[in-house]
Amino acid sequence: MIPAPSNKFKNPRAKYGFKGRTCSIAGVGSYVPERVLTNSDLEKLVETSDEWITTRTGIKERRIAAEDEYTSDLAAEAARRAMTDAGVGPEDIDLIIVATITPDMPFPATACIVQQKIGAVNAAAFDLEAACSGFIYAMEIGQQFIMSRTYDNVLIMGAEKLSSIMDWQDRNTCVLFGDGAGAAVLQNRPQAHGLLTACMGADGSKAGLLNMPGGGSLNPATHETVDARLHYLRMNGKETFKNAVNAMTKAATEALQRCEIGIEQISCIISHQANLRIIDAVGQRINAEKQKFYVNLEKYGNTSAASVAIALDEAVRLERIKRGDLVLMTAFGAGLTWAAAVIEW
Ligand code: UT7
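Definitions and limits used
- Residues numbered from 1 in each chain as written.
- Predicted model: local features only at pLDDT ≥ 70, side-chain atom pairs only at ≥ 80, totals over all residues.
- Heavy atoms only, no water.
- Near = heavy atom within 4 Å.
- Polar contact = N/O pair within 3.5 Å; in protein donor to acceptor, adjacent residues only side chain to side chain.
- Areas by Shrake-Rupley, 256 points an atom, 1.4 Å probe, with all protein chains shown as cover.
- Helix = DSSP H or I, 4+ residues; strand = E, 2+ residues; numbered from the N terminus.
- Nonpolar A, V, L, I, M, F, W, Y, C, P; charged D, E, K, R; others polar.
- Contact = heavy atoms within 4.5 Å.
- Pairing = 2+ DSSP bridges.
- Axes fitted to C-alpha atoms, helices over the stretch in contact; angles between N-to-C directions.
- Buried < 20%, exposed > 50% of the residue type's maximum accessible area, 1.4 Å probe, protein only.

In the vicinity of the ligand, 23 residues are found, and the nearest of them are T48, R56, K238, N275 and N302. At 3.0 Å, a side-chain N or O of R277 approaches an oxygen atom of the ligand. Considered on its own, the ligand offers 960 Å² of accessible surface; in the complex 74% of this is hidden by protein. The element best represented in the shell around the ligand is helix α8 (residues 237-259), accounting for four residues. Of the residues assigned to the shell around the ligand, the class counts are ten nonpolar, eight polar and five charged.

Set out below in structure tokens:
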């Protein structure tokens with residue numbers, strides 16, 4: 001049974017006149033591919049070491065999708081698990097949003113391919129690109145459709161096959177990322193407070209810090225773009241690191257302030273899983289105890305849009321998040337983009 005709203009804090013949605021309407025996460029699910037690529041496996045590919053990767057990032061291994069397993073497959077499996085958890089069937093889904101930077105192809109949207117794979121014949125579908133902030137962006141956008149009474153069941157996903165855009169000769173990036181997907185079903189559940197607030201932000205002036213320059217209208221694919229390795233992810237790690245800490249701290253602080261709650265009231269923090277040192281630095285700045293963060297990056301590395309979604313699913317399954325708990329989510333990614341959210345579970 002879902003407990004009644006606790007009224008321990010301000011619900012910022014109330015002022016927008018959404019009385020009697022609440023957007024809650026009715027079910028979650030995740031899926032990661034079977035194949036494990038360990039740090040010692042990477043030692044055979046590039047000049048790196050388990051010691052360097054572990055101490056600089058906290059990552060020990062990551063999952064790599066099979067050659068014939070695509071972003072839409074990972075997303076579809078996570079979606080099926082989330083729908084089962086929520087007790088809804090594919091025909092009940094009104095809208096599908098897939099957050100990804102590794103769509104099956106530039107178009108059509110991977111969300112449409114997922115729609116077909118799961119049989120959600122009544123759903124509208126589109127992709128959203130906000131890199132690692134994508135899942136929180138999707139949650140906030142999906143929430144708008146629930147609150148406006150447009151839809152009853154919105155299926156959101158963060159899904160990535162980052163191995164398909166990795167430069168396996170670049171030790172600065174190839175040790176960091178992995179494949180996977182996470183999903184959630186959003187519903188109106190008036191018995192609970194649900195998603196209390198979400199803050200989103202972006203800074204396009206820093207788009208060059210983390211990108212994949214080839215394959216779009218700027219650098220359409222040619223032999224030259226392939227030779228210049230433009231179809232791989234590139235990152236200025238140091239600058240991205242600094243921006244990640246600042247942006248996630250700012251977004252998390254703003255989200256808490258909007259709800260007029262203190263960090264001590266938060267039971268669990270689901271942060272983007274890029275680097276343990278980033279999570280620790282954000283924790284110090286928002287005065288959060290280390291154990292409040294759910295961390296799984298040692299197993300999966302950075303799965304971009306899937307990262308927060310997989311962590312949320314695992315934290316719920318492991319009962320690190322229980323009904324009535326206040327959960328803080330925060331993420332940061334290419335764009336630059338950032339986002340934070342507060343949820344009463
Ligand atoms: O999801 C989007 C957000 N992404 C992130 O937030 C990632 C942010 N960045 C980071 O997590 C870190 O900056 C990295 C983990 C990418 C790098 O850590 P760092 O402490 O900033 O290292 P660095 O880039 O300053 O490199 C230090 C040294 C360099 O050698 P020199 O120039 O000092 O001789 C690198 O060449 O470490 C070297 N290095 C490596 N050595 C062994 C870089 N990558 C590796 C590697 N193995 N894989």
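Once that is clear, we can look at the side chain of S307. As for its position among the elements, S307 is in helix α11 (residues 305-317). Sequence-distant contacts of S307, defined by excluding residues within four places in its chain, comprise S271, H272 and Q273.

Turning our eyes to something else, we now look at the pairing of strand β5 (residues 124-128). Examined bridge by bridge, strand β4 (residues 95-99) and β5 share five bridges and lie parallel to one another. In the sheet register, A99 faces β5, and the bridge partner there is L128.

The subject of this paragraph is the sheet that holds strand β6 (residues 153-160). Two strands in a sheet stick together by hydrogen bonds in their backbones, pointing the same way (parallel) or opposite ways (antiparallel). Strand order in the open sheet formed by five strands is β1-β7-β6-β4-β5, with mixed pairing between adjacent strands. The sheet is open, and its two borders are formed by β1 (23-31) and β5, each paired with just one other strand. Taken over all neighbouring pairs, the strand axes of this sheet differ in orientation by 20° on average, direction set aside. Its contacts with the sheet put helix α4 (residues 110-118) on β4, β5 and β6, and the angle it makes with β4 is roughly 125°.

Here the focus is the environment of L230. Positionally, L230 belongs in the loop between α7 (223-227) and β10 (234-235). Assessed through its relative accessible area of 15%, L230 is described here as buried. Sequence-wise, L230 and N219 are eleven residues apart; in three dimensions their C-alpha atoms are separated by 8.2 Å. For L230, the contacting residues outside a window of four places in its chain are M212, P213, G214, N219 and T225.

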